[in-house]
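Architecture at a glance
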Amino acid sequence: MARRHLIIGGGTAGMNAIRTIREEESERSTITLVSAEKPYSRMVLPYYLDRSIAESHVFTATARVLADWGTTTQLGKRATALDTKANVCTLDDGTKVEYDDCLIATGSSAVRAPVPGADGPGVHSFWTLDQARGVLAQIQPGSHVVMVGAGFIAFTILNSILSLGAKLTIVEVAPRILPRMIDDTGAGLVQTWLEQNGVAVRTGAKLTRIDDVKGRRRLKMAAGGDLVADVVIMATGIRTNLDWLKGSDVKINQGVVVDDHLRSSVPNVYAAGDVAEGRDLISQANAVHAIEPTAQEHGRIVGANMAGKDVRYRGSLIINIVEVCHLDVASFGAWDDAKAEAANGVKPDRPAYRKLLWRGDRLTGAIILGPSSDIWTSNDVGMLKGLVQSGVSLGPWKAHLKKNPFDIKPAFIATKTTSSLLPETILGRPSKAPGESPVAV
Amino acid sequence: MKVLKIHPEKCTGCLRCELACSYMQTGDYQPAKSVIRVSPFEGHTSYAPYTCTQCAEGWCMTACPVGAITISAVGAKDVQDDRCVGCKLCTIACPYGTMFYDPATRKAFKCNLCGGAPACAEACPTAAITYEDVETADWLGDFARERTARVLAEAR
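On a predicted model such as this, the values are computed, not experimentally measured, just so you know. The written sequence of each chain sets the order in which its residues are numbered from 1. Naming scheme: in the order in which they are written, chains are lettered from A and ligands are numbered from 1. Reporting in this predicted model follows two pLDDT cut-offs: at least 70 for local features of residues, and 80 or more for side-chain atom pairs to be given and counted; totals over whole chains, interfaces and linings ignore these cut-offs and use all residues.

**Focus: the overall build of chain A**
Regarding its fold elements, chain A presents 12 helices and 26 strands. Rg of the C-alpha trace for chain A: 23 Å, near the compact-globule value of 22 Å for 441 residues, within the 12% margin. Projected onto its principal axes, the C-alpha coordinates of chain A cover approximately 65 × 60 × 35 Å. Burial analysis of chain A (441 residues in total) assigns 49% to the buried set. The contact rule is simple: place each C-beta atom from the backbone, and if two of them lie within 7 Å, those residues are in contact. For chain A, the proportion of contacts with a sequence separation of at least 24, taken over those separated by at least 6, is 65%. Helix and strand assignments come from DSSP, with helices taken as H or I runs of at least 4 residues and strands as E runs of at least 2, each series counted from the N terminus. In this description the radius of gyration comes from C-alpha coordinates, and the expected globular size is given by 2.2 Å times residues to the power 0.38. Three exposure classes are used, based on other C-beta atoms lying within 10 Å of a residue's own C-beta, which is placed from the backbone: buried for 20 or more, exposed for 12 or fewer, and partly exposed in between.

**A short note on the overall build of chain B**
The secondary structure content of chain B amounts to six helices and eight strands. In chain B, the succession of helices and strands from N to C terminus is β-α-β-β-α-β-β-α-β-β-α-β-α-α. For 156 residues, the compact-globule formula gives about 15 Å, and the C-alpha radius of gyration of chain B, at 16 Å, lands near that figure. Across its three principal axes, chain B shows a C-alpha extent of roughly 45 × 35 × 30 Å. Taken across its 156 residues, chain B has 51% of its residues classed as buried. Intrachain contacts of chain B at a sequence separation of at least 6 include 58% that bridge at least 24 residues.

**So, the domain arrangement of chain B**
Residue and element names in this part refer to chain B. One can read the domain layout of chain B as domain 1 (1–51 + 117–156) and domain 2 (54–110). Averaged C-alpha coordinates put domain 1 and domain 2 at centres separated by 21 Å. At the junction of the two partners, domain 1 supplies seven residues and domain 2 supplies eight residues. Looking at the side of domain 1 that touches domain 2 residue by residue, the classes come out as three nonpolar, three polar and one charged. An automatic or database domain assignment supplies the start and end points of every domain. Note that Gly is not counted as nonpolar here; it falls among the polar residues with everything else outside the nonpolar set of Ala, Val, Leu, Ile, Met, Phe, Trp, Tyr, Cys and Pro and the charged set of Asp, Glu, Lys and Arg.

**Some points on the environment of Thr128 of chain A**
Residues and elements named next belong to chain A. Relative to the elements of secondary structure, Thr128 occurs in the loop between strand S9 (123–125) and helix H4 (129–138). Its 17 C-beta neighbours within 10 Å are what place Thr128 among the partly exposed residues. The sequence separation of Thr128 and Gly186 amounts to 58 residues, and the corresponding C-alpha distance is 29 Å.

**Here's the deal with the interface of chain B and chain A**
Taken residue by residue, the interface counts 44 residues in chain B and 51 residues in chain A. Elements that contribute at least two residues to the side of chain B that touches chain A include exactly helix H2 (59–63), strand S4 (69–71), helix H3 (89–93), strand S6 (100–102), helix H5 (141–147) and helix H6 (149–155) of chain B. With four residues, the single largest contributor to the side of chain B that touches chain A is H3 of chain B. Tallied by class, the residues present in the side of chain B that touches chain A amount to 26 nonpolar, 13 polar and five charged.

**Remarks on the domain arrangement of chain A**
Residues and elements named next belong to chain A. Per the domain assignment, the segments of chain A are domain 1 (4–109 + 239–316), domain 2 (123–236) and domain 3 (326–421). Each of domain 1 and domain 2 has a C-alpha centre, and the two are 31 Å apart. In this assembly, nine residues from domain 1 lie in contact with 12 residues from domain 2. Looking at the side of domain 1 that touches domain 2, the element that brings in the most residues is helix H2 (residues 45–49), giving four residues. The residue inventory of the side of domain 1 that touches domain 2, partitioned by class, reads six nonpolar, one polar and two charged.

**What about the environment of Met43 of chain A?**
Topologically, Met43 of chain A is positioned in the loop between strand S2 (30–35) and H2. Linking Met43 of chain A and Thr156 of chain A, residues 113 residues apart in sequence, is a C-alpha distance of 8.7 Å. Setting aside anything within four residues of it in sequence, one finds Met43 of chain A in contact with Glu292 of chain A together with Pro65, Cys87 and Leu89 of chain B.

**A look at the pairing of strand S4 (residues 79–83) of chain A**
Successive side chains on a regular strand alternate, one facing one side of the sheet and the next facing the other. Residue and element names in this part refer to chain A. Examined bridge by bridge, S4 and strand S5 (residues 88–91) share four bridges and lie antiparallel to one another. Counterpart to Leu82 in the pairing with S5 is Cys89. Strands are labelled as partners when DSSP assigns at least two bridges between them. Hairpin connection, S4 to S5: the antiparallel pair is bridged by four residues, and Asn87 has positive phi, about 55 degrees.

Below, the structure written as C-alpha cells:
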C-alpha cells in the first residue's frame, strides 16, 4: 500500500480526498498537500461578496485542521512538472516532492474575452478568493456593474451584486442566456424575469474593447451602443489547469482521462474534479464535469482508493442550480440531448417550467424553474434528480408525466424510486459527518 | 437508530403532522414550512406522509461545501444554521426531494427528527407515523403503486 500520498490542489476534490484517506486507511500514511491558495470553497464566495458571511467562513480547512489531519503543506506554490517515472513532482520554487501515489486536482481558472482592455483596471474575474476580494472592494451602492457573460458562474453572483445596491447590465455574445444550463424556453423565462427585476440584459451583444475613461470603463460594442461601467466582471468561461502536465506521461484529452477508479493512464496517478475526464453517469462516455458535486464525489473515490480500498465510481451526474431574484433554475443530466424524447410544461405567469427527457422509459435529463418560495419547486428539484440518478423504469408513469410534467411526486413514489436509491452510497458505506473524521489512526 | 416509520394505510389526511412539524421547526403553524408532507392518492380518498429517510449516503451532507450538515446525537442529518450559507447545493444533491430552502432565513432546512422526539409522530392521531428502531425503508412505494392505478389508466 502507498505510504506517501501527494495531493496537488487544495479545492473540493483535494480536500475530500485527504479527509477520505484518513477515514479509510488502516495504517497511517503521510500526506503532502500542494496548493497555490489556502483551501477554501468557491461555492460560497457569492455569500462573501454580499457580506452575509465573513471571509473566515469560506475556508474549508484551517492550518489547525490540516495539522490534525497530519498533512504536510506546501501552500502558495504551484506544481510545474510531474515525473511519473521517478515519482517526483516539481514545484515553482524548485522544491521536489516524492510520492508513492498522487492526485492531480488543479482545477480550472477564469478566462477573459480576448478583447483590448480586458486586463485593464476595473475589469475583474470572479473565480478565486483574491478576485472576490477585488470585486468586493469596488462595488458601491449605485455602482453600474457590467457582467460580460451570462453563464452559470455569472448567475451565481447576480443576487449578490443587486443586494449591494448596484445597477446591473448583463452582456452575452450568444443569442441567449445560460446556454450550457437550460434550454431556449427556460432561458427566455429567466431573461424576462431578470428584466422585470430591473436587470438589463443584452444578448447577441459582442464586446470589441474596453477603454478607461476618467476612471470609468467604456465597453465598446459591435452594435447597439456602448456601455459605461464602474465595474466590469468578466464571466466568460473557465479553462482547466493542465498546462503544467505538458511533457508528462499522463494521457490528456479534454481533461486527464481517468478510469472507473479515477486512475489516469499512469496507475499511481489519479485525477479528480475539474481537471478529470471521467465517466458521465447518463451517457457512460468520458466527459469533464467542472461542477462542485463531481469534485466532491471524485475526491472521495480517490481518497478511498489511495487508502487501499477498491472503490468503483458509477459516474458523475451533471447537476446545477442557481437562484436569481427568488427564481430557482435547475437542470439535471442530459437536458440538452437532441435525440431524447421530451415533454414540457410552462406556467409563464409564475413563472414555472418543467422539461423532462427520456431514453426509453427512463428519465435521462430534466430542467426545472419555479419560485424559490414554492415548496413544490424544492420537492420536484430533488425528485427529478432522484429519477435521473436512479434511472428507474417509469413504465406507465412516462405517459402520465408527458401529459402532466408538473406531477412529479406520485411518479417518484409509485415507481419505488426510494427503494432503488436507498442502498446507493458513493463509498459503499454510510457517509461520515464532516467533523467525524479520525485525526489520528 | 430510530427512524420515522410511515404506515400509509393508517393516514387519514388530517395534516396534523404538517402543523406539528412546522410549529416545532419554525414556531409557526404553517404547513408550507413543514418538512413532512402529506400527499393525496386516488382522488383524495387515501393519503400518505412523506419525509426524509435519513439515508446512509446523506447526499445533502456530503454535498455541502462548508460542512454545514452534520449527524446529530440521534443520527439525523442536521443543518447547522450558523454554517449554512444558503447555496442550495443540498437541494439538488438530495435525490428524495426532502431538502428545503427558506427564502426568509436564506437557510436550507430538513427533517432533524426533532432531536429525538419527532413532533409529527406525537401529533399523529392514528399512529400512521411512528418513531422506531428499524432500518429505514421505502414506506410508501407499494402503497402508492396500488393506489395510483386509476390515475395511470386515465393517462393512457
